[in-house]
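Remarks on the overall topology
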Amino acid sequence: MRPEDRPILARHARLRFDKARDRWILLVPEKVMVPDEICIEILRMCDGAASIAAITATLDEKYTAPPGVIAAEVLALLQDLADKGFVLPAPEAA
């Protein structure tokens, strides 16, 4: 994944609020993942409209960290989820 990519959840991945657990979960084939609050915040911005750079900029405004740390962590998280097939770059508009 690259900073200019606009991530979206794959068709088979669903971010849902689980009332029984009283928390957000990521449903993927044969698994239920329980992401932390920051991961949930990032996944909720993966709408195919916002680029990774824009997501990072939003988080930079909200959280304090040394320069580049948030960008590196967001990119690493999304790359890991992309490697597992749960997140992918949105197709380019025609």
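Residues numbered from 1 in each chain as written. Predicted model: local features only at pLDDT ≥ 70, side-chain atom pairs only at ≥ 80, totals over all residues. Heavy atoms only, no water.

Under the annotation held in an unreviewed UniProt entry, the protein chain carries the name Pyrroloquinoline quinone biosynthesis peptide chaperone PqqD and is attributed to Cereibacter changlensis. As stated in UniProt under Subunit (unreviewed entry), the record for the protein chain gives "Monomer. Interacts with PqqE." Check the Pathway (unreviewed entry) section of the UniProt entry for the protein chain; it says "Cofactor biosynthesis; pyrroloquinoline quinone biosynthesis." (UniProt positions renumbered as here; feature names shortened; annotations may be inferred.)

1. Some remarks on the layout of surface pockets
Taken as a whole, the largest pocket encloses approximately 170 Å³ of empty space. Lining the largest pocket are Asp36, Ile38, Cys39, Ile42, Leu59, Tyr63, Ile70, Glu73, Val74 and Leu77. Where the lining of the largest pocket is concerned, the elements lending two or more residues are helix H1 (37-44) and helix H3 (69-83). In the lining of the largest pocket, the residues fall into eight nonpolar, no polar and two charged. (1 Å grid on protein atoms, 1.4 Å probe; cavity = no way out; pocket = protein on both sides within 12 Å on 5 of 7 lines; lining within 4 Å. Points joined across faces, edges and corners; volume = space filled by probe spheres on them. Helix = DSSP H or I, 4+ residues; strand = E, 2+ residues; numbered from the N terminus. Nonpolar A, V, L, I, M, F, W, Y, C, P; charged D, E, K, R; others polar.)

2. Observations regarding the confidence of the model for the protein chain
Regions with low pLDDT carry predicted coordinates that are not meant to be interpreted in detail. For the protein chain, the mean per-residue pLDDT works out to 94, and 98% of the residues sit at or above 70. In the model of the protein chain, strand S4 (residues 31-33) stands out as the element of lowest mean pLDDT, 93, in contrast to strand S1 (residues 7-9), which has the highest, 97. (pLDDT = per-residue confidence, 0-100.)

3. Description of the pattern of salt bridges
Applying the stated criterion across every chain yields a total of five salt bridges. For the salt bridge of Asp5 with Arg2, the shortest nitrogen-to-oxygen distance reads 2.8 Å. Overall, the relative accessible area of 7% leaves Asp5 in the buried class. The network of salt bridges with common partners includes Arg2, Glu4 and Asp5. (Salt bridge = Lys/Arg side-chain N within 4 Å of Asp/Glu carboxyl O. Buried < 20%, exposed > 50% of the residue type's maximum accessible area, 1.4 Å probe, protein only.)

4. Let's talk about H3
Along its 15 residues, H3 runs 21 Å from first to last C-alpha, staying within 8% of the 21 Å computed at 1.5 Å per residue. Among the residues of H3, Ile70, Val74, Leu78 and Leu81 are the ones counted as buried. Seen along its axis, H3 keeps its buried residues to an arc of 60 degrees; they face one direction. Of the surrounding elements, those touching the buried residues of H3 are S1, H1, helix H2 (52-62) and strand S5 (87-89). (Expected span 1.5 Å × (residues − 1). Arc of directions from axis to C-beta. Contact = heavy atoms within 4.5 Å.)

5. Considering the sheet that holds strand S3 (residues 23-28)
Reading across from one edge, S2-S3-S4 is the order of the three strands in this open sheet, with antiparallel pairing throughout. The open sheet has two free edges, formed respectively by strand S2 (14-18) and S4, since each of these has just one partner strand. Within the sheet, the average angular offset between the axes of one strand and its neighbour, ignoring direction, is 35 degrees. Pairing between S2 and S3: five bridges, direction antiparallel. Residue pairing for S3: Phe17 is matched across the bridge by Trp24. (Pairing = 2+ DSSP bridges. Axes fitted to C-alpha atoms, helices over the stretch in contact; angles between N-to-C directions.)

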